[in-house]
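Here is how the chains run, residue by residue.
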Amino acid sequence: MPSTTVTVGSAVGLHARPATVISEAAAALGVPVTLAVDGGDPVDAGSALMIMTLGAGKGAAVTVASDDQAAVDQIAALVAQDLDAE
């Protein structure tokens, strides 16, 4: 399964706004995508609530995984962005 590890770019981590942006993008892809922090269980990237349970703050390493490499790349790019700056 393709995966990549990226650093959270949002200033206050994956809280409500970034989690919503990421979950909406993941849901629109139509393929399962998961996010996980080191030592944690993977969560559904299509659920903002599940993303927030990761507790991933700015600078945290998050692993993005999916059977679709393009989905991994797209979601990883969002995790790495400062989604609070928009």
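Residues numbered from 1 in each chain as written. Predicted model: local features only at pLDDT ≥ 70, side-chain atom pairs only at ≥ 80, totals over all residues. Heavy atoms only, no water.

A.B. asks: Explain the overall build of the chain residue by residue, including any values.
C.D. replies: Per the secondary structure count, the chain includes three helices and four strands. Here the chain has a C-alpha radius of gyration of 11 Å; the compact-globule value for 86 residues is 12 Å, and the two agree. A principal-axis box enclosing the C-alpha atoms of the chain has dimensions of 30 × 25 × 20 Å. By sequence separation, contacts in the chain at least 24 residues apart represent 73% of the contacts at least 6 residues apart. (Helix = DSSP H or I, 4+ residues; strand = E, 2+ residues; numbered from the N terminus. Rg over C-alpha atoms; globule rule 2.2 N^0.38 Å. Contact = heavy atoms within 4.5 Å.)

A.B. asks: Please give an account of helix α1 (residues 16-29) that cites residues and values.
C.D. replies: Here α1 contains 14 residues, and its C-alpha end-to-end distance of 20 Å stays within 8% of the 20 Å for a straight helix at 1.5 Å per residue. Here α1 has its buried residues at P18, A19, I22, S23, A25 and A26. When α1 is viewed along its axis, its buried side chains cluster within an angular range of 165° and face the same direction. With respect to the buried face of α1, the exposed residues turned more than 90 degrees away are E24, A27 and A28. (Expected span 1.5 Å × (residues − 1). Buried < 20%, exposed > 50% of the residue type's maximum accessible area, 1.4 Å probe, protein only. Arc of directions from axis to C-beta.)

A.B. asks: Go over the packing of α1 against helix α3 (residues 69-80), please, and point to the residues and values.
C.D. replies: Where α1 meets α3, the closest approach of the two axes is 10 Å, and the angle between their N-to-C directions is 170°. It follows that α1 is roughly antiparallel to α3 by the angle criterion. Here α1 contributes V21, I22, A25, A26 and L29 to the contact with α3, which in turn contributes A71, Q74, I75, L78 and V79. Of the residues in the contact of α1 with α3, the class split is nine nonpolar, one polar and no charged. (Axes fitted to C-alpha atoms, helices over the stretch in contact; angles between N-to-C directions. Parallel < 35°, antiparallel > 145°, perpendicular 65-115°, else oblique. Nonpolar A, V, L, I, M, F, W, Y, C, P; charged D, E, K, R; others polar.)

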